[in-house]
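# Notes for the structure review
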Amino acid sequence: MIDSHAHTDFKEFDDDREEVIKRFFEGGGEKIINVGCDLKSSVRSYELAKNNENIFASAGIHPHDADTVDKNSLRKIEELVQHYKVIAVGEIGLDYFRNLSPQEKQIEAFRLQLELADNHKMPLIIHCRDAYNDLIDILKSYQTNSWRGVIHCFGGSQKIAEEFLELGFYIGFTGTITYYKDKSKLGNEPEIYRVIKNMPLNKILIETDCPYLAPVPERGKRNEPLFVRYVAEKVAHIRNVDFKEIEKATSENAIRLFNLEK
Ligand SMILES: [Zn+2]
(Lines give C-alpha, C1' and ligand atoms only; values in the text may rest on other atoms or scores of the structure.)
Protein backbone atom coordinates (compact mmCIF):
# COMPACT_ATOMS: atom_id res chain seq x y z
CA MET A 1 0.00 0.00 0.00
CA ILE A 2 1.10 3.52 -0.75
CA ASP A 3 -0.34 6.47 1.13
CA SER A 4 -0.21 8.98 -1.71
CA HIS A 5 -1.14 11.98 0.43
CA ALA A 6 -0.04 12.35 4.05
CA HIS A 7 1.03 15.20 6.32
CA THR A 8 3.09 13.32 8.90
CA ASP A 9 5.18 16.45 9.43
CA PHE A 10 2.21 18.20 11.11
CA LYS A 11 2.33 19.02 14.81
CA GLU A 12 -0.32 16.36 15.52
CA PHE A 13 2.51 13.82 15.11
CA ASP A 14 5.16 15.63 17.14
CA ASP A 15 4.90 13.19 20.05
CA ASP A 16 5.03 9.93 18.12
CA ARG A 17 6.03 10.57 14.49
CA GLU A 18 8.62 7.78 14.39
CA GLU A 19 6.17 5.20 15.76
CA VAL A 20 3.41 6.26 13.37
CA ILE A 21 5.75 5.87 10.40
CA LYS A 22 7.06 2.57 11.73
CA ARG A 23 3.52 1.24 12.22
CA PHE A 24 2.77 1.91 8.57
CA PHE A 25 5.83 0.15 7.21
CA GLU A 26 5.47 -2.78 9.60
CA GLY A 27 1.80 -3.07 8.74
CA GLY A 28 2.45 -3.65 5.05
CA GLY A 29 2.87 -0.07 3.88
CA GLU A 30 5.31 0.47 1.02
CA LYS A 31 5.71 4.20 0.57
CA ILE A 32 4.40 7.52 1.84
CA ILE A 33 4.13 10.72 -0.13
CA ASN A 34 4.36 13.52 2.40
CA VAL A 35 2.70 16.56 0.90
CA GLY A 36 3.78 20.15 1.45
CA CYS A 37 1.14 22.87 1.71
CA ASP A 38 3.25 25.93 2.42
CA LEU A 39 6.96 26.68 2.42
CA LYS A 40 7.59 25.38 5.93
CA SER A 41 5.76 22.09 5.46
CA SER A 42 7.39 21.63 2.05
CA VAL A 43 10.81 21.90 3.71
CA ARG A 44 9.71 19.56 6.50
CA SER A 45 8.39 17.05 3.94
CA TYR A 46 11.70 17.20 2.12
CA GLU A 47 13.59 16.59 5.40
CA LEU A 48 11.42 13.56 6.17
CA ALA A 49 11.96 12.19 2.66
CA LYS A 50 15.70 12.75 2.87
CA ASN A 51 15.87 10.71 6.08
CA ASN A 52 13.53 7.85 5.11
CA GLU A 53 14.10 5.72 2.03
CA ASN A 54 10.40 5.05 1.46
CA ILE A 55 9.06 8.53 2.10
CA PHE A 56 8.83 10.96 -0.79
CA ALA A 57 7.89 14.63 -0.68
CA SER A 58 6.03 17.23 -2.65
CA ALA A 59 6.53 20.97 -2.51
CA GLY A 60 3.91 23.61 -3.13
CA ILE A 61 1.63 26.24 -1.64
CA HIS A 62 -2.00 25.41 -0.85
CA PRO A 63 -4.76 27.79 -2.01
CA HIS A 64 -5.39 28.73 1.63
CA ASP A 65 -1.97 30.37 1.61
CA ALA A 66 -2.13 31.71 -1.92
CA ASP A 67 -1.21 35.20 -0.76
CA THR A 68 2.24 33.93 0.27
CA VAL A 69 3.04 33.00 -3.33
CA ASP A 70 5.59 35.48 -4.64
CA LYS A 71 8.94 35.44 -6.46
CA ASN A 72 10.76 34.53 -3.30
CA SER A 73 8.57 31.60 -2.26
CA LEU A 74 8.40 30.31 -5.83
CA ARG A 75 12.19 30.32 -6.00
CA LYS A 76 12.31 28.20 -2.84
CA ILE A 77 9.76 25.73 -4.19
CA GLU A 78 11.82 25.57 -7.35
CA GLU A 79 14.95 24.72 -5.34
CA LEU A 80 13.11 21.95 -3.49
CA VAL A 81 11.69 20.25 -6.59
CA GLN A 82 15.19 19.73 -7.92
CA HIS A 83 15.93 17.23 -5.16
CA TYR A 84 15.30 13.67 -6.35
CA LYS A 85 13.14 12.80 -3.30
CA VAL A 86 10.77 15.66 -4.12
CA ILE A 87 8.51 14.05 -6.70
CA ALA A 88 5.62 16.49 -7.29
CA VAL A 89 4.44 20.07 -7.08
CA GLY A 90 1.60 20.33 -4.61
CA GLU A 91 -0.66 20.63 -3.01
CA ILE A 92 -1.81 23.48 -5.20
CA GLY A 93 -5.25 24.36 -6.50
CA LEU A 94 -8.43 26.22 -5.61
CA ASP A 95 -10.57 26.17 -2.48
CA TYR A 96 -13.78 28.18 -2.78
CA PHE A 97 -15.32 26.33 0.15
CA ARG A 98 -13.24 28.11 2.74
CA ASN A 99 -11.95 30.99 0.60
CA LEU A 100 -9.10 31.72 3.01
CA SER A 101 -7.40 33.66 0.21
CA PRO A 102 -9.25 35.82 -2.34
CA GLN A 103 -10.25 33.80 -5.41
CA GLU A 104 -8.25 35.95 -7.85
CA LYS A 105 -5.16 35.40 -5.75
CA GLN A 106 -5.81 31.65 -5.60
CA ILE A 107 -6.08 31.53 -9.38
CA GLU A 108 -2.86 33.49 -9.83
CA ALA A 109 -0.96 31.32 -7.33
CA PHE A 110 -2.29 28.16 -9.00
CA ARG A 111 -1.22 29.32 -12.46
CA LEU A 112 2.27 30.31 -11.31
CA GLN A 113 2.81 26.90 -9.72
CA LEU A 114 1.36 25.05 -12.72
CA GLU A 115 3.92 26.84 -14.84
CA LEU A 116 6.71 25.99 -12.41
CA ALA A 117 5.68 22.32 -12.55
CA ASP A 118 5.62 22.41 -16.33
CA ASN A 119 9.10 23.96 -16.49
CA HIS A 120 10.46 21.11 -14.38
CA LYS A 121 8.24 18.38 -15.90
CA MET A 122 6.86 17.56 -12.44
CA PRO A 123 3.54 15.85 -11.70
CA LEU A 124 0.89 17.83 -9.83
CA ILE A 125 -0.95 17.17 -6.58
CA ILE A 126 -4.13 19.20 -6.86
CA HIS A 127 -6.47 20.27 -4.08
CA CYS A 128 -9.86 21.41 -5.31
CA ARG A 129 -12.95 22.19 -3.29
CA ASP A 130 -16.12 23.76 -4.67
CA ALA A 131 -14.12 25.01 -7.65
CA TYR A 132 -14.00 22.14 -10.15
CA ASN A 133 -15.26 24.15 -13.12
CA ASP A 134 -12.79 27.02 -12.68
CA LEU A 135 -9.97 24.59 -12.15
CA ILE A 136 -10.79 22.61 -15.29
CA ASP A 137 -11.02 25.87 -17.28
CA ILE A 138 -7.58 26.88 -16.08
CA LEU A 139 -6.05 23.52 -16.99
CA LYS A 140 -7.67 23.68 -20.41
CA SER A 141 -6.46 27.25 -21.00
CA TYR A 142 -2.92 25.99 -21.50
CA GLN A 143 -2.15 24.88 -25.03
CA THR A 144 0.30 22.31 -23.76
CA ASN A 145 -1.19 18.96 -22.87
CA SER A 146 1.66 17.82 -20.68
CA TRP A 147 -0.17 17.99 -17.35
CA ARG A 148 -0.20 14.84 -15.30
CA GLY A 149 -1.04 14.49 -11.67
CA VAL A 150 -3.73 13.63 -9.19
CA ILE A 151 -6.92 15.36 -8.12
CA HIS A 152 -6.63 14.53 -4.44
CA CYS A 153 -9.54 13.84 -2.06
CA PHE A 154 -11.97 13.71 -4.94
CA GLY A 155 -15.57 14.52 -4.08
CA GLY A 156 -17.04 15.54 -7.43
CA SER A 157 -19.56 14.04 -9.80
CA GLN A 158 -19.11 11.38 -12.46
CA LYS A 159 -19.10 14.11 -15.12
CA ILE A 160 -16.30 16.04 -13.39
CA ALA A 161 -14.30 12.84 -12.90
CA GLU A 162 -14.58 12.14 -16.64
CA GLU A 163 -13.27 15.62 -17.46
CA PHE A 164 -10.20 15.04 -15.30
CA LEU A 165 -9.62 11.59 -16.81
CA GLU A 166 -9.77 13.13 -20.26
CA LEU A 167 -7.13 15.64 -19.20
CA GLY A 168 -4.97 12.67 -18.16
CA PHE A 169 -5.32 12.99 -14.41
CA TYR A 170 -5.48 10.34 -11.73
CA ILE A 171 -8.11 10.54 -9.01
CA GLY A 172 -7.27 10.22 -5.32
CA PHE A 173 -9.75 8.92 -2.73
CA THR A 174 -9.57 9.49 1.02
CA GLY A 175 -11.43 8.28 4.10
CA THR A 176 -14.41 10.44 3.11
CA ILE A 177 -15.57 7.59 0.83
CA THR A 178 -16.11 5.46 3.96
CA TYR A 179 -18.56 7.97 5.43
CA TYR A 180 -21.45 6.88 3.19
CA LYS A 181 -24.03 4.16 3.63
CA ASP A 182 -24.32 1.79 0.67
CA LYS A 183 -27.90 2.86 0.04
CA SER A 184 -29.82 5.98 0.96
CA LYS A 185 -33.35 5.79 2.42
CA LEU A 186 -34.64 6.01 -1.14
CA GLY A 187 -32.46 3.08 -2.14
CA ASN A 188 -29.96 5.13 -4.14
CA GLU A 189 -26.22 4.63 -4.14
CA PRO A 190 -24.06 7.65 -3.33
CA GLU A 191 -22.72 9.44 -6.45
CA ILE A 192 -19.14 8.81 -5.30
CA TYR A 193 -19.82 5.05 -5.57
CA ARG A 194 -20.69 5.50 -9.22
CA VAL A 195 -17.49 7.48 -9.73
CA ILE A 196 -15.42 4.74 -8.07
CA LYS A 197 -17.14 1.94 -10.02
CA ASN A 198 -16.62 3.65 -13.36
CA MET A 199 -13.03 4.69 -12.73
CA PRO A 200 -10.38 2.87 -14.81
CA LEU A 201 -8.40 0.76 -12.33
CA ASN A 202 -5.13 2.27 -13.55
CA LYS A 203 -6.21 5.81 -12.54
CA ILE A 204 -7.11 5.27 -8.88
CA LEU A 205 -4.93 6.45 -6.01
CA ILE A 206 -5.62 5.96 -2.30
CA GLU A 207 -4.58 8.41 0.39
CA THR A 208 -5.21 9.40 4.00
CA ASP A 209 -4.68 13.18 4.05
CA CYS A 210 -3.69 12.47 7.68
CA PRO A 211 -4.00 13.81 10.35
CA TYR A 212 -7.44 14.68 8.89
CA LEU A 213 -10.32 12.60 7.48
CA ALA A 214 -9.76 9.34 9.35
CA PRO A 215 -11.76 6.58 7.65
CA VAL A 216 -14.37 4.42 9.34
CA PRO A 217 -13.78 2.61 11.75
CA GLU A 218 -11.30 5.22 13.03
CA ARG A 219 -13.48 8.18 12.06
CA GLY A 220 -13.17 11.13 14.44
CA LYS A 221 -9.69 10.14 15.62
CA ARG A 222 -6.36 11.36 14.38
CA ASN A 223 -5.71 9.78 11.00
CA GLU A 224 -2.40 8.09 10.14
CA PRO A 225 -0.88 6.39 7.07
CA LEU A 226 -1.70 2.86 8.28
CA PHE A 227 -5.42 3.67 7.93
CA VAL A 228 -5.07 3.98 4.14
CA ARG A 229 -5.91 0.29 4.25
CA TYR A 230 -9.54 1.15 5.09
CA VAL A 231 -9.76 3.36 2.01
CA ALA A 232 -8.47 0.51 -0.17
CA GLU A 233 -10.96 -1.87 1.47
CA LYS A 234 -13.83 0.50 0.76
CA VAL A 235 -12.81 0.88 -2.90
CA ALA A 236 -12.65 -2.93 -3.14
CA HIS A 237 -16.08 -3.22 -1.50
CA ILE A 238 -17.64 -0.67 -3.87
CA ARG A 239 -16.13 -2.30 -6.96
CA ASN A 240 -16.87 -5.77 -5.59
CA VAL A 241 -13.32 -7.03 -6.11
CA ASP A 242 -10.62 -8.44 -3.88
CA PHE A 243 -8.75 -6.02 -1.63
CA LYS A 244 -5.44 -7.36 -2.99
CA GLU A 245 -6.35 -6.21 -6.49
CA ILE A 246 -6.92 -2.64 -5.29
CA GLU A 247 -3.80 -2.69 -3.15
CA LYS A 248 -1.65 -3.81 -6.06
CA ALA A 249 -3.16 -1.49 -8.67
CA THR A 250 -3.06 1.66 -6.52
CA SER A 251 0.59 1.03 -5.62
CA GLU A 252 1.50 0.56 -9.27
CA ASN A 253 -0.43 3.72 -10.16
CA ALA A 254 1.40 5.87 -7.60
CA ILE A 255 4.78 4.48 -8.67
CA ARG A 256 3.98 5.17 -12.33
CA LEU A 257 2.59 8.67 -11.83
CA PHE A 258 5.29 9.92 -9.48
CA ASN A 259 8.15 7.85 -10.91
CA LEU A 260 8.99 6.49 -7.46
CA GLU A 261 11.36 3.74 -8.49
CA LYS A 262 14.47 5.61 -9.36
ZN1 LIG B 1 -3.56 17.53 2.12
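The rules behind each value
- Residues numbered from 1 in each chain as written.
- Predicted model: local features only at pLDDT ≥ 70, side-chain atom pairs only at ≥ 80, totals over all residues.
- Pairing = 2+ DSSP bridges.
- Helix = DSSP H or I, 4+ residues; strand = E, 2+ residues; numbered from the N terminus.
- Axes fitted to C-alpha atoms, helices over the stretch in contact; angles between N-to-C directions.
- Contact = placed C-beta atoms within 7 Å.
- Expected span 1.5 Å × (residues − 1).
- Buried ≥ 20, exposed ≤ 12 C-beta atoms within 10 Å, placed from the backbone.
- Right-handed = clockwise from strand over helix to strand, strands pointing away.
- Core = buried A, V, L, I, M, F, W, Y, C linked by C-beta atoms within 7 Å.

## Overview of the sheet that holds strand β1 (residues 2–6)
- What the eight strands build is an open sheet, ordered β1-β2-β3-β4-β5-β6-β7-β8; its pairing is parallel. At either end of the open sheet lies a strand with only one pairing partner, and these are β1 and β8 (204–206). The mean angle between the axes of side-by-side strands here comes to 25 degrees, regardless of whether they run parallel or antiparallel.
- Bridge count between strand β2 (residues 31–34) and strand β3 (residues 55–59): three bridges; the pairing is parallel. Considered in β3, the bridge of I33 is made with F56.
- Across the face of the sheet, helix α4 (residues 103–119) comes into contact with β4 (86–95) and β5 (124–129) while running at roughly 160 degrees to β4.
- Lying over the sheet, helix α9 (residues 243–258) contacts β1, β2, β3, β4, β6 (149–151), β7 (170–173) and β8, oriented at roughly 100 degrees with respect to β8.

## Some thoughts on α9
- Compared with the 22 Å implied by 1.5 Å per residue over 16 residues, the 23 Å span of α9 between its first and last C-alpha is a close match.
- For α9, the full list of buried residues reads I246, E247, A249, T250, S251, N253, A254, L257 and F258.
- N259 lies just past α9 and shows a positive phi near 50 degrees.

## A short note on unusual backbone geometry
- E91 follows G90 through a cis peptide bond whose omega is 5 degrees.
- Of note, the amide linkage connecting C210 to P211 takes the cis form, showing an omega dihedral of 15 degrees.
- Residue placement: P211 occurs in the loop between β8 and α8 (228–239).
- The backbone of N99 sits at a positive phi, close to 50 degrees, despite the residue not being glycine.
- On the secondary structure map, N99 appears in the loop between β4 and α4.
- For C153, which is not glycine, the phi dihedral falls at a positive 50 degrees.

## Describing the environment of E247
- Relative to the assigned elements, E247 resides in helix α9.
- Note on E247: 21 C-beta atoms within 10 Å, which makes it buried.
- Taking the C-alpha atoms as reference points, E247 and I2, separated by 245 residues in sequence, lie 8.3 Å from one another.
- Residue contacts for E247: discarding those within four places in its chain leaves M1 and A232.

## Some words on the pairing of β3
- Judged by how many residues are buried, β3 sits mostly within the fold: five of five residues are covered.
- Burial along β3 is two-sided: I55, A57 and A59 and F56 and S58, pointing in opposite directions, are all buried.
- Following the backbone out of β2, through helix α2 (residues 39–51) and into the adjacent parallel β3, one traces a crossover that is right-handed.
- Bridge count between β3 and β4: three bridges; the pairing is parallel.

## Focus: the nonpolar core
- By size, the foremost hydrophobic cluster in this structure holds 78 residues, and its most contacted members are V89, V150, I171, F173 and V235.
- Setting aside anything within four residues of it in sequence, one finds I171 in contact with V150, I151, F154, A161, F164, M199, K203, I204 and L205.

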